Amino acid sequence: MIDLTYLNDRFEHLQQVSADDGIAGVRKNSFDSFSKTGLPTYRTEDWKYTSIGNLFDQSFEQAGHTVSLADLEALRMPGHHKANELVFVNGRFDAALSNFLSTDDELIVLSLKDAAKGEYKDLVARYLNKSSEYMKDGVHALNGAFIEEGVFVHIHKGKTPQHPLYIYHILDGRAHPVMAQPRGLIYIDKNSRLQLTETYVTLGVSDSFCNGVLEVVVDQNAYVEYYKIQNDASNASQVSTTHITQIGRSYVHTVTVTLNGGVVRNNMNLVLDADGNETHLYGLYLLKGKTHADNHTMIDNRQPNCFSNQLYKGIADDFSTAVFNGKIMVQPDAQKTNSFQSNKNILLSDNATINTKPQLEIFADDVKCSHGCTVGQLDEEALFYLRARGIPKEKAEVLLLQAYAADVLTHIKPMAIRAYVEKLIYEHLSIV
Amino acid sequence: MLSIKNIHANVEGKEILKGINLEIKAGEVHAIMGPNGSGKSTLASVLAGREQYEVTAGEVSFLDKNLLELSPEDRAREGLFLAFQYPVEIPGVSTTNFIKAAVNEKRKYHGLEPLDSVSFLKIMKEKMKLVEIDQSLLSRSINEGFSGGEKKRNEIFQMAMLEPKLAILDETDSGLDIDALRIVANGINKLHSPERAVLVITHYQRLLDYIQPDYVHVLYNGRIVKSGTKELALELEEKGYDFITEGVDLNA
Amino acid sequence: MKENQDPLEQAVSNDYKYGFVTDIDTDTIAKGLNEDVIRLISHKKNEPEWMLEWRLKAYAYWLTMVEPEWANIKYPTIDYQDIIYYAAPKPKKQLNSLDEVDPELLSTFEKLGISLSEQKRLSGVAVDVVMDSVSIATSFKEQLAEIGVIFCSISEAIQLHPELVKKHLGSIVPMTDNYFAALNSAVFTDGSFCYIPKGVRCPMELSTYFRINTENAGQFERTLIVAEDESYVSYLEGCTAPMRDENQLHAAVVELIAMEKAEIKYSTVQNWYPGDKEGKGGIYNFVTKRGICKGDHSKISWTQVETGSAITWKYPSVILKGDYSIGEFYSVAFTNNHQQADTGTKMTHLGKNTRSRIVAKGISAGHSQNSYRGLVRASKQAINARNYSQCDSLLLGDKCGAHTFPYIEVKNKTAIVEHEATTSKIGEDQLFYCRQRGIDPEAAVALIVNGFAKEVMNQLPMEFAIEAQKLLTISMEGSVG
């Protein structure tokens, strides 16, 4: 059982042992905020359709791990031999398992503590936990309160690293249930590019809960592709917050794919804080079993002439629940904003649920914004057509679902990652 | 009727019209031709009073009034009509109601009583025949879901209803098949009279097979670089714009 | 070129025409709310014991509740002890016919366009008029009674048809439903009651006109419409209030019940005083409206044109219980100056093959905030449920806001739900096109706004459509029919 007393003790201990690590202040503010708000309930508007309170009903161990290079080898993603690999184990950045091919003149990876004191201390001070201005809930604050072995990545000005960045979150559940709270801050400097893929794996059969926050700052004329792939065990739950701030005219492209998992909550926040930003968000969720996936997107248009487009598609089968909540805000200064959003759902079972809630909050007049969402079924005609050609029903359904998913998958630009996701999807859909 | 003297105009700070001179008298048909980007549509917009276009120099008088001082609606009420190249859609506003509003606003401006529904419908029926437009089209929202040809015919129909002194047709022939082109041209010809003038803006010569212009002007790089009679249009069709533009000094 | 005043500003800066006060003797009770006040109201209305008990139960429940905060509206805390809960124009004597109504009152309603005198009545519309806490008159009552239609004030219904009221009151909006519904259940003073018997198509529009007159008085009306099997009724309501500097509370409850193959069409033109240009005064309009399509093949259709009130909090909803039942919601909400509207609907699909349609048009001007909030829910049993929603917002000016909060919850795999929403401003191109045809900018804005709202306006009965269109943009001066 994780309760306030337990957390308080741990927090006090952490503050004592890491009093001078440069992020004690962030932890303090976060813990105060957590103490005030507590965990969200269904009455918390942003958590109306997703309950995580019971995840805290069991005790997660904080002991060390036994993850080896061999373990990592078994779960690496294709293209890894040409990628910079950043490994978190149980929420802590693990330098020994991580591997960097790029040289320091392209990018630099530091522990958050080191970054908070050295050359990048101003950036850390300015941007670490900026997301708390948007995320007022206790879960987010909880991550901030326990920032310990986080990571800082700086992509240098004008650089396009030859190697993409892969981030693995490994939770070692082989001996006991595990909770992890990884934290990262990535700064993508002017005129640089980054391709980033993040994935999550729980080892063993125990329950896991990963409450991760990644903050990304994108400077003038930078270009970012971000892929999040979630296909963990059925008892692996997570709250995954990606908070991207575009501080200069820049381009951001994200794709989130959610397949298997327990309770999965994604917060994809985009703050468009410069004139002329362009942002594309894509999401795909294919849910079976009892998986509950909740995709929250938030686009805050703060400056004029920004363009954003969102397409989230998904299916819910068996006893699963799919939630989509897409918020578009247009602030008074953000004239000439064009922002579009589409959410499409297919419900395959009467025991499954789809809840969708697009939101427009507009305070500027010269804008074009729209959202649309649908809930429906597979095309019966198409299904019949395939069956009439001799394809068995189950196979025909998989084919149609693959076609349905393709709209989103085509936006995964690196071929290795796309092929990998397609394979995962095929396996995921084919298991009855 | 219309006298344009040395008009210069900017769009977003860029000079598009660089000194246009043009005299149009009642009863005349003028055609302005020119390649894409020469400033043809800008000229039409400036005359109609579109606010994004900034007139930096020159004068325009229309029926002895200073046109540039009038608001767009007053220009329309004075008798200047622009058939738009891309007529805009206005959802929920029926074409009939829209035209009725326009006709009565013009009547009010000239001190006339508004038309009652019966006389309005009577006039409408007459003019509908002129452009072979269907009643069902007029009960739909303006331009909403209209085909390209329907939009252009609707423009000519509005022109017929408003009986302008000067009609400016901005690329009215673009995107029309041959039947629609014939209908549109017929409509224009039937409206043409000694009291009215027509300014046809077009890229191609083909509309001029149906509408006989008295004068043809070639607009190039913001200036009228050549004027002539109908034969000039034929020559353009045959030789292309290059034969005229080659000799023009762009920096002059 | 000469600069005109911003056409948008001109088009939306019309004054409220119904802000006068009627000077008439009024029977009011002291400000404040407690059990004794409720007993007094019940006593003044000569209510049976069960009604008083019902009220007291609601009051006890209300005391345990807190005011909801989830809506996208901001207002100072309402002091519920600073409100007069009962105010009634004093009748000079017992009325024998409508023509004996106080001439001052008659002329008040004449000014509002509601004629009560026999010779000038709108034919085809039966009207119940409610001033402050009581119903003053109901027209065409006898003619309607001949075909079995009951149309009277709810107070009268409690006296004359207690079995019907007892059966249905609070059955759709229970007293525990929400804060304002509980308050209304405790203190409601009047409203309309309509009962359409089996197989009857009500031959005329039934209409209630609500008027707040007394200073500091709240208005809490309660309307109940029951349509038995295979019946049809079209009901309209309108409302206005004087211009006053302080805010006045209006918390109404409306319940509709449609039995098998019955159809209820409920239209509202809401024009409570919206407050002045600085946002001072105006009505706080907290309304709970809900209907149930109880029988198979029944239909409930809500149409609303919301132009008034400082604050609007209102979600006319339909529970689609009967198989093949249909729910509709058509709404135009226009906010100006400092008005705030948070309005929309709830469509709850329970039966098989149920259908719902939502068309919501929001127009924001001035410093106003306009929100659409809606819920479409297809339950597990709702086989083949269908919903289509279209929400469009139009922004007139850069100081206002337009917001859309649709919630969609689907638990049945045969359900199809579609939602679309757009937000935009009036196109420069549209304005210029109109001006090139000689239409001045103000009229052009009116034309475009009315076009934007047309799909909803078309749903209104003729008598109201014209009033509503005028309301939306008064300045059109009949140039467009």
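Residues numbered from 1 in each chain as written. Chains lettered and ligands numbered in written order. Predicted model: local features only at pLDDT ≥ 70, side-chain atom pairs only at ≥ 80, totals over all residues. Heavy atoms only, no water.

J.: Quick one: what's the story with the overall build of chain C, residue by residue and with numbers?
T.: Counting secondary structure elements, chain C contains eleven helices and 22 strands. Among the 481 residues that make up chain C, the fraction classed as buried is 65%. The contacts of chain C with a sequence gap of at least 6 include a subset with a gap of at least 24, amounting to 83%. In the structure as shown, chain C presents an accessible area of about 17300 Å², 49% of it carried by carbon and sulfur atoms. (Helix = DSSP H or I, 4+ residues; strand = E, 2+ residues; numbered from the N terminus. Buried < 20%, exposed > 50% of the residue type's maximum accessible area, 1.4 Å probe, protein only. Contact = heavy atoms within 4.5 Å. Areas by Shrake-Rupley, 256 points an atom, 1.4 Å probe, with all protein chains shown as cover.)

J.: Tell me about the packing of aromatic side chains, residues and numbers included.
T.: Scanning all chains against the criterion turns up 31 aromatic pairs over all chains. Aromatic pair A:F11 and A:F31: ring centres 4.2 Å apart, planes at 5°, arrangement stacked. Note that A:F11 is positioned in helix α1 (residues 4-17) and A:F31 in helix α2 (residues 24-37), a separation of 20 residues in sequence. For the pair A:F11 and A:F31, a shared accessibility class is recorded, and that class is buried. Through pairs of rings, three or more aromatic residues link up here, namely C:Y59, C:W62, C:W70, C:Y75, C:Y80, C:Y179, C:F180, C:Y284, C:F286, C:W313 and C:Y315. If you follow A:R10 out to its NZ or CZ, it ends over the ring of A:F146, 4.6 Å from the centre. Over the ring of A:Y404 we find A:K313, and its NZ or CZ is 4.2 Å from the ring centre. (Phe/Tyr/Trp six-rings, centres within 6.5 Å; stacked < 30°, edge-to-face > 60°. Lys NZ or Arg CZ within 6 Å of the ring centre and 35° of its normal.)

J.: Run through the sheet that holds strand β10 (residues 223-228) of chain B, naming residues and quoting values.
T.: Residue and element names in this part refer to chain B. Ordered in space as β6-β7-β8-β3-β9-β10, the six strands form an open sheet in which the pairing is mixed. Both edges of this open sheet fall to β6 (80-83) and β10, since each of them pairs with a single strand only. Within this sheet the neighbouring strands show an average axis-to-axis angle of 20°, counted without direction. (Pairing = 2+ DSSP bridges. Axes fitted to C-alpha atoms, helices over the stretch in contact; angles between N-to-C directions.)

J.: Would you mind going over helix α3 (residues 49-63) of chain C in detail, with residue names and values included?
T.: Residues and elements named next belong to chain C. The first and last C-alpha atoms of α3 sit 21 Å apart over 15 residues, in line with the 21 Å expected at 1.5 Å per residue. By the burial criterion, the buried members of α3 are M51, L52, W54, R55, L56, A58, Y59 and W62. On the buried face of α3, the contacting elements are α2 (35-44), α6 (154-160), α8 (179-187) and β8 (222-227). (Expected span 1.5 Å × (residues − 1).)

J.: Go over the packing of α1(A) against α2(A), please, and point to the residues and values.
T.: All names here are of chain A. Relative orientation of the contacting elements α1 and α2 amounts to 165°, with a least axis distance of 11 Å. Here α1 lies roughly antiparallel to α2, going by the angle between them. When the axes of α1 and α2 are compared, the crossing they make is left-handed. Where α1 approaches α2, its residues L4, L7, N8, F11, L14 and Q15 are matched on the opposing element by A24, R27, K28, F31 and F34. (Parallel < 35°, antiparallel > 145°, perpendicular 65-115°, else oblique. Left-handed = near helix turned anticlockwise from the far one by under 90°.)

J.: Any details on unusual backbone geometry? Residues and values, ideally.
T.: Of note in the backbone geometry, A:N221 takes a positive phi value of approximately 65° without being a glycine. Phi at C:N337 is positive, roughly 45°, even though this residue is not glycine. Its location among the elements puts C:N337 in the loop between β16 (326-335) and β17 (340-349).

J.: Could you give an account of the interface of chain A and chain C, naming the residues involved and the relevant values?
T.: Tallying the contact residues gives 35 residues for chain A and 31 residues for chain C. Of the roughly 2700 Å² buried at the junction of chain A and chain C (both faces included), carbon and sulfur atoms supply 48%. By the criterion of area lost to chain C, the three top residues of chain A are A:D350, A:D365 and A:V375, representing 21% of everything that side buries. Connecting chain A to chain C are one salt bridge. A salt bridge links C:K425 to A:D366; the shortest N-O distance between them is 4.0 Å. (Buried area = accessible area lost by both parts, 1.4 Å probe. Salt bridge = Lys/Arg side-chain N within 4 Å of Asp/Glu carboxyl O.)

J.: Break down the nonpolar core for me, with residues and values.
T.: In terms of nonpolar packing, the biggest core is built from 110 residues, with B:I4, B:L47, B:F98, B:F157, B:I168 and C:I439 touching the most fellow members. Setting aside residues no more than four positions away along its own chain, C:I439 makes contact with B:E73, B:R77, B:F98, B:A101, B:A102, B:E105, C:C434, C:A444 and C:L447. Residues A:I244, A:V264, C:I300 and C:A385 belong to the second largest nonpolar core, which totals 93 residues. (Core = buried A, V, L, I, M, F, W, Y, C linked by side-chain atoms within 4.5 Å.)

J.: If you had to explain the interface of chain B and chain C to someone new, which residues and values would you point to?
T.: Accessible area lost on assembly of the parts is the figure often given for the size of an interface. The interface of chain B with chain C comprises 37 residues on the first partner and 25 residues on the second. Buried surface at the junction of chain B and chain C, summed over both partners, amounts to about 2700 Å²; 58% is from carbon and sulfur atoms. On inspection of chain B and its partner chain C, the count reaches five salt bridges. B:R50 is the salt-bridge partner of C:D429, the closest N and O atoms lying 3.2 Å from each other. Taken together, chain B and chain C are joined by 14 residue pairs in polar contact (both at pLDDT 80 or more). Of all the secondary structure elements, the ones that give two or more residues to the side of chain B that touches chain C are α2 (72-78), β6, α3 (95-109) and α6 (148-162) of chain B. (Polar contact = N/O pair within 3.5 Å; in protein donor to acceptor, adjacent residues only side chain to side chain.)

J.: Outline the pairing of strand β20 (residues 386-396) of chain C, supporting the account with residue identities and numerical values.
T.: Residue and element names in this part refer to chain C. For β20, a buried count of nine out of eleven residues is recorded, marking the element as mostly surrounded by other parts of the structure. Strand direction decides the pairing type here: strand β18 (residues 355-365) and β20, joined by eleven bridges, are parallel. Within β20, the residue paired with R357 across the bridge is Y388. Relative to strand β22 (residues 416-425), β20 runs parallel, the two sharing ten bridges. Within the sheet, the bridge partner assigned to L395 lies in β22 and is K425.

J.: How would you explain the packing of α2(C) against α3(C) if you had to name every residue and give the values?
T.: Residue and element names in this part refer to chain C. Following both chains from N to C, one finds α2 and α3 inclined at 150°, their axes separated by 10 Å at the closest point. Classified by the angle their axes make, α2 and α3 are roughly antiparallel. Handedness of the crossing formed by α2 with α3: right-handed. Taken together, the residues of α3 that come into contact with α2 (itself represented by E35, I38, R39, I41 and S42) are L52, R55, L56 and Y59. Of the residues contributing to the contact of α2 with α3, the split by class is five nonpolar, one polar and three charged. (Nonpolar A, V, L, I, M, F, W, Y, C, P; charged D, E, K, R; others polar.)

J.: Break down the confidence of the model for chain C for me, citing the residues and quoting the values.
T.: Parts of the model with low pLDDT should not have their predicted coordinates read in detail. Residue and element names in this part refer to chain C. Scored by pLDDT, chain C comes out at a mean of 86, with 87% of its residues at no less than 70. The lowest-confidence element of chain C is helix α1 (residues 7-12), averaging 54 in pLDDT; the highest-confidence one is strand β15 (residues 317-320), averaging 98. In this model, residues 1-5 is a region of pLDDT below 50 whose contacts with residues beyond four sequence positions or in other chains number 14 contacts. Across residues 474-481, confidence stays below pLDDT 50; counting only partners more than four residues off in sequence or on other chains, it has 14 contacts. Scored by ipTM, the complex comes to 0.86, with pTM at 0.86. (pLDDT = per-residue confidence, 0-100.)

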